[in-house]
Amino acid sequence: MQYFPLFLNTQRLNVLIVGAGEVACRKLDLLSRTEASIEVVAPEVCGGILDYARAERITLQQRAVVDADLQHRDLVYIATANQSLNLQLAVQAKEAGAMVNVVDTPAACDFITPSIVDRGRLIVAISTAGAAPVFARDVRAKLEAMLPASLTPLFDFIASKRSEVQQRLTTGPERRRFWERFFALNGEQFNGHTLQKYQQSFANDIEHGELLLLADNCPAEFLPLAALPLLQRIDAVVSIDDIPPAIAELMRRDAERLEMLSNSELLKAWEIGQRLLLVLPVAEVERLKIAFPFAKHLRPGAI
Ligand SMILES: C[C@@]1(CC(=O)O)c2cc3[nH]c(cc4nc(cc5[nH]c(cc(n2)[C@H]1CCC(=O)O)[C@@](C)(CC(=O)O)[C@@H]5CCC(=O)O)C(CC(=O)O)=C4CCC(=O)O)c(CCC(=O)O)c3CC(=O)O
Ligand SMILES: NC(=O)C1=CN([C@@H]2O[C@H](COP(=O)(O)OP(=O)(O)OC[C@H]3O[C@@H](n4cnc5c(N)ncnc54)[C@H](O)[C@@H]3O)[C@@H](O)[C@H]2O)C=CC1
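Residue numbers restart at each chain and count upward from 1, following the sequence in its written direction. Starting at A for chains and at 1 for ligands, labels are handed out in the order in which the entities are written. A pLDDT threshold of at least 70 governs which residues receive local features in this predicted model, and a stricter bar of 80 or more applies before side-chain atom pairs are shown or counted, although totals over entire chains, interfaces and linings include all residues. In computing side-chain values, all of the structure's heavy atoms are included and hydrogens and water are not.

1. Quick notes on the site of ligand 1
Taken together, 20 residues sit near ligand 1, with K27, T113, S115, S127 and R140 positioned nearest. Side-chain polar atom of K27 to an oxygen atom of ligand 1: 2.5 Å apart, as the coordinates give it. Definition of a polar contact: a pair of N or O atoms within 3.5 Å, with one able to donate and the other able to accept a hydrogen when the atoms are protein atoms, and with sequence-neighbouring residues admitted only if both atoms are side-chain atoms. S115 is positioned such that a nitrogen or oxygen atom in its side chain is 2.3 Å from an oxygen atom of ligand 1. Accessible surface is estimated by sampling points in the Shrake-Rupley manner with a 1.4 Å probe; for residues, cover comes only from the protein chains shown. Relative to its unbound accessible area of 1100 Å², ligand 1 is 66% covered by the protein chains. Method remark: on a 1 Å grid restricted to protein atoms, a set of points is classed as a cavity if a 1.4 Å probe fits but cannot get out and as a pocket if it is open with protein on both sides within 12 Å along at least five of seven lines; lining residues have an atom within 4 Å of a point. Just a note on the criterion: a molecule sits in a pocket or cavity if more than half of its atoms are within 2 Å of the grid points. At a threshold of 2 Å from the grid points, most atoms of ligand 1 map onto the second largest pocket. Runs of E in the DSSP output that reach at least two residues are strands. Runs of H or I that reach at least four are helices, and both are numbered from the N terminus. Where the shell around ligand 1 is concerned, the elements lending two or more residues are α1 (22–31) and α4 (133–146). It is α4 that provides the largest number of residues to the shell around ligand 1, a total of five residues. Any residue with a heavy atom lying within 4 Å of a molecule or strand is counted as near it.

2. Quick look at the nonpolar core
Joining through side-chain atoms within 4.5 Å is the link that ties buried Ala, Val, Leu, Ile, Met, Phe, Trp, Tyr and Cys residues into a set, and such a set is a nonpolar core. Between buried and exposed lies partly exposed: a residue is buried under 20% and exposed over 50% of the maximum accessible area for its type, with that area taken using a 1.4 Å probe on protein chains only. V15, I17, L28, I38, V40 and I49 are the most contacted members of the largest nonpolar core, which has 20 residues in total. Counting residues per element, the ones that place at least two in this core are β1 (14–18), α1, β2 (37–41), α2 (47–54) and β4 (75–78). For this core, the leading source of residues is α1, giving four residues. Every residue in contact with I17, bar those within four places of it in the chain, is listed here: A24, L28, L31, I38, E39, V40, V41 and Y77. In terms of nonpolar packing, the next biggest core, distinct from the first, is built from 17 residues, L223, I247, M251 and A255 among them. We call two residues in contact when some of their heavy atoms are within 4.5 Å.

3. Quick notes on the domain arrangement of the protein chain
According to the domain assignment, the protein chain consists of domain 1 (14–113), domain 2 (115–147), domain 3 (151–203) and domain 4 (210–298). Here the C-alpha centre of domain 3 lies 41 Å away from the C-alpha centre of domain 1. Throughout, the edges of the domains are those of an automatic or database domain assignment.

4. A short note on the side chain of T105
Position of T105 among the secondary structure elements: in the loop between β5 (99–102) and β6 (115–119). Polar side-chain contacts of T105 include one of 3.0 Å to the side chain of D104. Once residues within four sequence positions are removed from consideration, T105 is found in contact with Q83 and L87.

As structure tokens, this is what we get:
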């Protein structure tokens with residue numbers, strides 16, 4: 001992964017854009033939605049950028065860039081149509097301590113601009129590491145169609161309830177099951193029923209957990225699709241040896257790793273609602289199937 005996605009807090013971010021053509025304006029269309037303070041410097045300014053200046057979303061300096069402009073910035077976007085000027089400005093901005101994006105030279109970028117689906121708190125960022133921005137745009141178009149506008153108010157609602165859920169449900173696994181139930185009941189909608197679904201989700205906490213058995217030589221790519229949501233919901237994974245990477249890819253990433261547990265420990269964990277995945281040699285899986293008839297055996301074509 002040459003480019004690592006992360007989400008920057010823009011509340012105290014100081015951004016400079018050099019150049020005010022169509023490409024600069026496209027970056028500004030994204031940046032203007034943030035809380036960053038933004039300055040644009042360019043002699044010729046396109047209409048879209050003039051509108052941001054008139055609306056006082058940006059400060060605009062209508063002149064050629066000077067070295068002082070590059071000082072004390074967190075991010076600098078360099079978007080003139082002059083490549084040698086862009087590269088020279090990139091060196092100066094980096095020397096002054098900024099992270100730099102150069103729109104015509106990916107190799108000189110400290111970061112690149114992804115294609116973005118914006119549903120308020122829910123943000124999806126897509127990058128092809130500069131290989132094909134048009135493909136990133138097409139993936140965005142598909143996701144735009146998949147993710148309804150109701151997600152914006154839904155996530156504001158959820159954020160407003162987060163501390164209440166933390167107070168009412170004391171353990172991490174309980175809270176995770178709560179949110180899984182809430183999304184299962186409510187889906188992606190935000191309407192008059194959402195509050196009711198939220199309250200309902202407190203009601204029926206499941207009594208017991210789950211034991212999933214998986215032989216460590218099982219070819220992960222042949223597991224049935226229905227096994228994937230089960231693997232994403234586990235609290236812990238129990239194994240004697242290292243988990244084969246193809247299986248690890250499918251599991252919930254932050255599941256706890258445990259050494260082998262005794263039968264009574266396994267039963268106890270199941271009784272208190274733990275969801276365990278046991279990745280073990282075939283003979284162990286067969287033994288546990290007899291000891292725990294309610295366990296689910298994940299294997300090609302069946303659960
Ligand atoms: C490396 C990166 C640096 C950066 O800008 O941060 C970069 C670089 C370059 N883009 C070029 C061209 C085009 N870029 C677009 C579109 C987008 N470009 C965006 C990002 C990025 N572009 C970064 C990598 C993103 C990734 O990882 O995929 C998007 C996602 C975000 C945004 O800009 O808002 C936005 C889609 C947003 C959306 O719609 O969702 C289109 C299509 C169009 O215009 O519709 C074309 C024309 C077709 C083509 O040439 O491919 C050229 C050649 C210039 C030339 O030849 O003159 C370079 C320079 C080079 O490759 O050398
Ligand atoms: N990263 C991307 O997504 C894409 C990048 N590009 C590249 O982006 C570059 C810019 O494209 P456009 O916006 O269409 O160009 P443009 O010619 O419309 O705009 C260039 C801007 O730079 C300003 N400028 C020139 N000299 C300056 C200076 N000394 N100081 C400050 N500002 C200065 C101009 O006044 C103008 O506002 C091109 O080199 C192109 O190759 C093109 C398409 C997509």
